[in-house]
2 protein chains.
Amino acid sequence: MNPSVLVVEDDRALCELLTWNLSAEGYQVRSTSDGEEALLMVQEQMPDAIILDWMIEHVPGIEVCRQLRKDKDTAQIPILMLTARGEEEDRIRGLKTGADDYVTKPFSPRELLARIEALLRRARPSLAGNVLQWGDIELDATSHRVRRSGEALHLGPTEFRLLRYFMERPNRVVSRQQILDGVWGMDSDIDERTVDVHIRRLRKAINRDGDTDPIRTVRAAGYAMDVT
Amino acid sequence: MNPSVLVVEDDRALCELLTWNLSAEGYQVRSTSDGEEALLMVQEQMPDAIILDWMIEHVPGIEVCRQLRKDKDTAQIPILMLTARGEEEDRIRGLKTGADDYVTKPFSPRELLARIEALLRRARPSLAGNVLQWGDIELDATSHRVRRSGEALHLGPTEFRLLRYFMERPNRVVSRQQILDGVWGMDSDIDERTVDVHIRRLRKAINRDGDTDPIRTVRAAGYAMDVT
DNA sequence: CGAGTTATGTCACTTTCCTGTCATAGAAGT
DNA sequence: ACTTCTATGACAGGAAAGTGACATAACTCG
């Protein structure tokens, strides 16, 4: 299902521009020029993100924002506010009130799209807590992606599960048997030494050039992943 | 006691925004715009977390980070760095230097708060593993790590078990046979003299240069671990 | 469906580090 | 001084982990 965006903007031309661009990117777009109506529309169907002009009719954007943040159900919706150039004061108040990002008018649609995308990316996994981070290593459990220093790493399925297993237990020493149970499953009858081999493969995969190895071998006990 | 946060940020408006938001969440906030002053403030009173802008006056953020990591007292403080959009290069170097997380500007206070919270959650329990402490010696059973005066020590498996055995029985004299039973296992047919050798190895490992030896020899009875 | 690629578990071999013992020197108690 | 107990250095054997190779299983893509 494509993410839905609610546009709250009273400049007709701008509103259409936004709608058109967002639609082209595959978003489901609804729009209104009125703050109060915006609140109703949110009630009716919760959008994944809101683009909110700060200067709109009837209810100023800041008030809309405040209302949304007040309600537990809508408090999580990312809000991108549109402000006029130079209204530093507004921007700060906006962020204080709970906006997640701002774009100053005039802006390029491309930039706005990038921001919206960033907001959604940010919002989605943060709800599930699916991004594990350890030093310069990032592991996204939903997209099954791992990066070190921003560079994408290629891990096999087992190596991925293994890394996740470690990242979920920072600094904890786990025995080979525990690793087998956690990564392969309780009922696997796999040789404990096999763990060594996968540890080696994981190390090889995540330690590019001279990176420090985050996996510590604990003789007679198992392995652990460290903060260094 | 509420957690304390140190904000190092030279953009006045942003600094106030952060302070305001963090205070509203119940954090104790101190702030400065200067890297050197930040280091002094940390000396003076250790914060539970630091928010550090990467581009600040006098001392760049990366240097502050490096300094903090160098000192063992401050090395554990979680650092959240603020970088400008697109400074991918900086972000990576930051993480390599020891920052724990990053947020790109502009950002939403909500996101930042969430991150800070996550950092604090993460930092606290990592220190609170099964830690035995005796004077300046710390033994963490879950991470299998031993430190003296903050400096990591390297112990072999047997030495580790032996030290733990003593630390679990402070001030108590135990016979060689008891030690064999407790550390090697009831059914070991090992010479009692061997205990002496391992005691020696343990002493060698934990007594760096002029440190006082915490292990007391009790003639004709065994050994004990003391506070001196 | 089939060729080719990738992933996986095991083995043999190497390397590293640990460990138990002994012989000898030293300290403490009588 | 003599006995008894402990400290220390050395060492060989061995256990544990690292590493490269390989056969097979699983998966991909035409």
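Per an unreviewed UniProt entry, chain A carries the name Phosphate regulon transcriptional regulatory protein PhoB and comes from Novosphingobium lindaniclasticum LE124. Among the UniProt annotations of chain A, the heading Subcellular location (unreviewed entry) holds the following wording: "Cytoplasm". In UniProt, chain A has this text filed under Function (unreviewed entry): "This protein is a positive regulator for the phosphate regulon. Transcription of this operon is positively regulated by PhoB and PhoR when phosphate is limited."

Asker: How would you summarise the protein's contact with DNA strand D if you had to cite specific residues and measurements?
Answerer: Looking at DNA strand D, there are 22 residues lining it, with Arg193 and Tyr223 of chain A together with Thr217, Arg219 and Tyr223 of chain B nearest. The contact atoms of DNA strand D, taken as those within 4 Å of the protein, divide so that sugar and phosphate hold 60%. Arg193 of chain A is positioned with one of its side-chain polar atoms (N or O) 2.4 Å from a base nitrogen of DNA strand D. Here a phosphate oxygen of DNA strand D sits 2.8 Å away from a polar atom, N or O, in the side chain of Thr217 of chain A. Only α8 (193-206) and β10 (215-218) of chain A together with α8 (193-206) and β10 (215-218) of chain B provide two or more residues apiece to the surface near DNA strand D. Partitioned by chemical class, the residues of the surface near DNA strand D number six nonpolar, two polar and 14 charged.

Asker: Give a detailed account of the packing of helix α6 (residues 157-167) of chain B against α8 of chain B, specifying residues and quantitative values.
Answerer: Residue and element names in this part refer to chain B. Following both chains from N to C, one finds α6 and α8 inclined at 85°, their axes separated by 10 Å at the closest point. As far as their axial angle goes, α8 and α6 are roughly perpendicular. Across the interface between the two elements, Thr158, Glu159, Leu162, Leu163 and Phe166 of α6 pack against His198, Ile199, Arg201, Leu202 and Ile206 of α8.

Asker: Help me get a handle on the protein's contact with DNA strand C, residues and values and all.
Answerer: What surrounds DNA strand C is a group of 23 residues, the closest being Thr158 and Arg201 of chain A together with Thr158, Thr194 and Arg201 of chain B. In DNA strand C, atoms within 4 Å of the protein come 61% from sugar and phosphate. Between a phosphate oxygen of DNA strand C and a side-chain N or O atom of Thr158 of chain B, the distance comes to 2.3 Å. Here a phosphate oxygen of DNA strand C and a side-chain polar atom of Thr194 of chain B are 2.6 Å apart. Broken down by secondary-structure element, the contributors of at least two residues to the surface near DNA strand C are α6 (157-167) and α8 of chain A together with α6 and α8 of chain B. Classifying every residue of the surface near DNA strand C gives eight nonpolar, eight polar and seven charged.

Asker: Which residues make up the pairing of strand β8 (residues 145-148) of chain A, and what are the values?
Answerer: Residue and element names in this part refer to chain A. Here β8 shows a clear split, with Val146 and Arg148 buried on one side and none of Arg145 and Arg147 buried on the other. Two strands pair when backbone bridges link them, and strand β7 (residues 137-140) and β8 are joined in this way by four bridges, in the antiparallel orientation. Counterpart to Ile137 in the pairing with β8 is Arg148. Where β7 hands over to β8, the hairpin turn is made up of four residues, of which His144 adopts a positive phi near 55°. The sheet contact formed by β8 and strand β9 (residues 151-153) spans three bridges and is antiparallel. In the strand pairing of β9, Arg148 is matched with Glu151.

Asker: Give me the lowdown on the interface of chain A and chain B, citing residues and values where you can.
Answerer: Across the boundary between the two partners, chain A contributes 33 residues, which contact 27 residues of chain B. Both faces combined, the contact of chain A with chain B buries some 2500 Å², and carbon together with sulfur accounts for 51% of it. Three residues, Lys96, Arg122 and Gln133 of chain A, lead the burial of chain A against chain B; their summed loss comes to 24% of the area buried on that side. Linking chain A to chain B there are two salt bridges. Among the ionic pairs, Asp100 of chain A bridges to Arg110 of chain B, the shortest N-O distance being 2.8 Å. On inspection of chain A and its partner chain B, the count reaches seven residue pairs in polar contact (both at pLDDT 80 or more).

Conventions used here
Residues numbered from 1 in each chain as written. Chains lettered and ligands numbered in written order. Predicted model: local features only at pLDDT ≥ 70, side-chain atom pairs only at ≥ 80, totals over all residues. Heavy atoms only, no water. UniProt positions renumbered as here; feature names shortened; annotations may be inferred. Near = heavy atom within 4 Å. Polar contact = N/O pair within 3.5 Å; in protein donor to acceptor, adjacent residues only side chain to side chain. Helix = DSSP H or I, 4+ residues; strand = E, 2+ residues; numbered from the N terminus. Nonpolar A, V, L, I, M, F, W, Y, C, P; charged D, E, K, R; others polar. Axes fitted to C-alpha atoms, helices over the stretch in contact; angles between N-to-C directions. Parallel < 35°, antiparallel > 145°, perpendicular 65-115°, else oblique. Contact = heavy atoms within 4.5 Å. Buried < 20%, exposed > 50% of the residue type's maximum accessible area, 1.4 Å probe, protein only. Pairing = 2+ DSSP bridges. Buried area = accessible area lost by both parts, 1.4 Å probe. Salt bridge = Lys/Arg side-chain N within 4 Å of Asp/Glu carboxyl O.

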